[in-house]
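One letter stands for each residue in the lines below.
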Amino acid sequence: MKEVLKNYSGILLLLLGIIVGSIIGIVAPDIVDYIKPLGDIFLNLLFVSVVPLVFFAVSNSIASLEQQSKFGKIMVTMAFTFLFFILTAAVFTICAVYLFPVSGVSGSSEIVEEATSNDSWGNRIVGFFTVGEFTQLFSRQNMLALLIFAFMTGFSARKAGEKGQAFRSFIASGYEVMKELLLLIMKVAPIGLGAYFAYQVATLGPQLFGFYAKPLGLYYIAGVVYFLVFFSLYAFMAKGQNGVKSFWTNAIFPTLTALSTCSSFATMPANLQAASKIGIPSQISNIVIPIGTTLHKNGSSMSSIIKIYVAFLIIGRDFFDPMNLLLALGITVFVSIVAGGIPNGGYIGEMLMISVYKLPQEAIPAVMIIGTLVDPLATVLNAVGQLVASMFVSRFVKVSFFCT
């Protein structure tokens, strides 16, 4: 019994913090503004630690791979895994809205100002992949650019051979230090996440039963089914029945972290820790999980389909027209890549959807509201999806380290 309590003490404390926070958010919503700073402090510490962790984890993993062919196999397998998962989630959601159609949805007169942007698409594409100053790399707003830089740094460290040994030791050491720092920060997770969850319950809870109850209900039911059934299927495909058991045993902490923070980036440390316990090689998990946090999003894929469907209902167009469905799948893949790993980070992708379909301005508030209200479950699917994806990739790739 003592051993069980020791192994699950972190999860139990986290659950206690979330439960207490939820109760406070329901019975005393007036005081959540006073305790929310505790959650903000915790998240800020987590965010500033995650950024260097991504750099050291990706660059160290790539620099540590012994054979270039192994690295290439990891990247190709990862790309196909991400695409397979995203399209599966999208097709599953299309089937859900076809079998259980929603009616009686109308738009809102409010305009979400945050969605507007005067940047050209050329500038946006450049901004996705690169930054103009070195210091801008170390911002969670530029995670894709940081991943590319870490990728190139790790590859260059490998190419440097013996002369790059000191630098490879540095990034390996940096990775270990950042892991310890994150473990230290996670000690206060029950307090920080409890405070943040109290704020979520107090502010978003009533809206969940409001105007968009039907499409929200459809998304949450479909999302839970996908989470339980398809993630179990992926884990089984990766490691059989033992894989399913190992996945669900270790996915609890990442799931609760994602649900509490609504942030894929904040869940990354929990995912890396769970991947280690499952037995996924660190060379794979340290590449798949950080890159997947930016480029692979099952929840965003499903929410993209729901938002397109709702927008078509509002304007009275046929969502199930074959051309509209093909466009929806293409947009969903792109949205799943573009959408950020931070709360409500999918505004650019949603505007892309409006632009491609040439939808009227009245559809914008609807997709923004849907996007905000599905964010908790979408984040769970996005974040925990990286864990099962790393299991899936490890099924097909065997790796080894440099001898140091």
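Residues numbered from 1 in each chain as written. Predicted model: local features only at pLDDT ≥ 70, side-chain atom pairs only at ≥ 80, totals over all residues. Heavy atoms only, no water.

Asks: Hey, could you run me through the overall build of the protein in this one?
Replies: From N to C terminus, the protein includes 16 helices and 0 strands. Taken across its 404 residues, the protein has 52% of its residues classed as buried. Here the contacts in the protein between residues at least 6 apart in sequence split such that 84% fall between residues at least 24 apart. Total accessible area on the protein is roughly 18400 Å²; 66% of this is exposed by carbon and sulfur atoms. (Helix = DSSP H or I, 4+ residues; strand = E, 2+ residues; numbered from the N terminus. Buried < 20%, exposed > 50% of the residue type's maximum accessible area, 1.4 Å probe, protein only. Contact = heavy atoms within 4.5 Å. Areas by Shrake-Rupley, 256 points an atom, 1.4 Å probe, with all protein chains shown as cover.)

Asks: I would appreciate a short explanation of the side chain of T93 in the present structure.
Replies: The residue T93 is located in helix α3 (residues 68-99) in this model. For T93, the side chain forms a polar contact with the main-chain oxygen of A89, separated by 2.7 Å. Dropping the residues within four chain positions of it, T93 is found in contact with M302, I305 and I306. (Polar contact = N/O pair within 3.5 Å; in protein donor to acceptor, adjacent residues only side chain to side chain.)

Asks: Just to check I follow, could you spell out the pattern of salt bridges for this structure?
Replies: One side chain can pair with another of opposite charge once the charged atoms of both are near each other. All chains considered together, the criterion is met by 2 salt bridges. For the salt bridge of K36 with D40, the shortest nitrogen-to-oxygen distance reads 2.9 Å. Remark: D40 and K36 occur in helix α2 (residues 32-64); sequence separation between them is 4 residues, near one turn of the helix. Between E176 and K179 there is a salt bridge; the shortest N-O distance is 3.5 Å. Of this pair, E176 and K179 both sit in helix α6 (residues 165-185), 3 residues apart, roughly one helical turn. Accessibility expressed as a relative area gives 41% for E176, which makes it partly exposed. Residue classification places K179 among the partly exposed residues on the basis of a relative accessible area of 31%. (Salt bridge = Lys/Arg side-chain N within 4 Å of Asp/Glu carboxyl O.)

Asks: Help me understand the packing of helix α8 (residues 213-250) against helix α16 (residues 375-394) in this model?
Replies: The relative placement of two packed helices is expressed as an angle between their axes plus a distance between the axes. Where α8 contacts α16, the two axes come as close as 10 Å, and the packing angle between them is 25°. When the axis of α8 is compared with that of α16, the two are roughly parallel. With respect to the hand of their crossing, α8 and α16 are arranged in left-handed fashion. Across the contact of α8 with α16, the residue classes tally to 21 nonpolar, 5 polar and 1 charged. (Axes fitted to C-alpha atoms, helices over the stretch in contact; angles between N-to-C directions. Parallel < 35°, antiparallel > 145°, perpendicular 65-115°, else oblique. Left-handed = near helix turned anticlockwise from the far one by under 90°. Nonpolar A, V, L, I, M, F, W, Y, C, P; charged D, E, K, R; others polar.)

Asks: How should helix α11 (residues 282-295) be read in this particular structure?
Replies: Residue pairs spaced three or four apart in an α-helix point in one direction, given the helix's 3.6 residues per turn. The end-to-end C-alpha separation of α11 is 19 Å, in line with the 20 Å expected for 14 residues at 1.5 Å each. Within α11, 12 of the 14 residues are buried, which leaves it mostly tucked inside the rest of the structure. Along α11, the residues classified as buried are Q283, I284, S285, N286, I287, V288, I289, P290, I291, G292, T293 and T294. (Expected span 1.5 Å × (residues − 1).)

Asks: Can you walk me through the packing of aromatic side chains in this structure?
Replies: Aromatic rings considered in pairs are described by the distance between their centres and by the relative angle of their planes. Under the definition given, this model contains 31 aromatic pairs. On the basis of an interplanar angle of 50° and a centroid distance of 5.8 Å, the ring pair of F84 and F85 is categorised as tilted. With a relative accessible area of 37%, F84 lands in the partly exposed category. Through successive ring pairs, a cluster of aromatic residues spans F84, F85, F92, Y226, F227, F230, F231, Y234, F247, W248, F392 and F396. The ring centre of Y199 lies 4.7 Å from the NZ or CZ of K36, which sits over that ring. The aromatic ring of F396 is capped on one face by R395, whose charged end is 5.4 Å from the ring centroid. (Phe/Tyr/Trp six-rings, centres within 6.5 Å; stacked < 30°, edge-to-face > 60°. Lys NZ or Arg CZ within 6 Å of the ring centre and 35° of its normal.)

Asks: Help me understand the nonpolar core, please; the structure alone is not making it clear to me.
Replies: Proteins that are soluble and globular tend to have nonpolar side chains buried together. One finds F231, F247 and F319 to be the most contacted residues of the largest nonpolar core, which totals 101 residues. Those residues within four positions of F319 in sequence are excluded, and the remaining contacts are I94, V97, I305, I308, Y309, F312, N324, L325 and A328. (Core = buried A, V, L, I, M, F, W, Y, C linked by side-chain atoms within 4.5 Å.)

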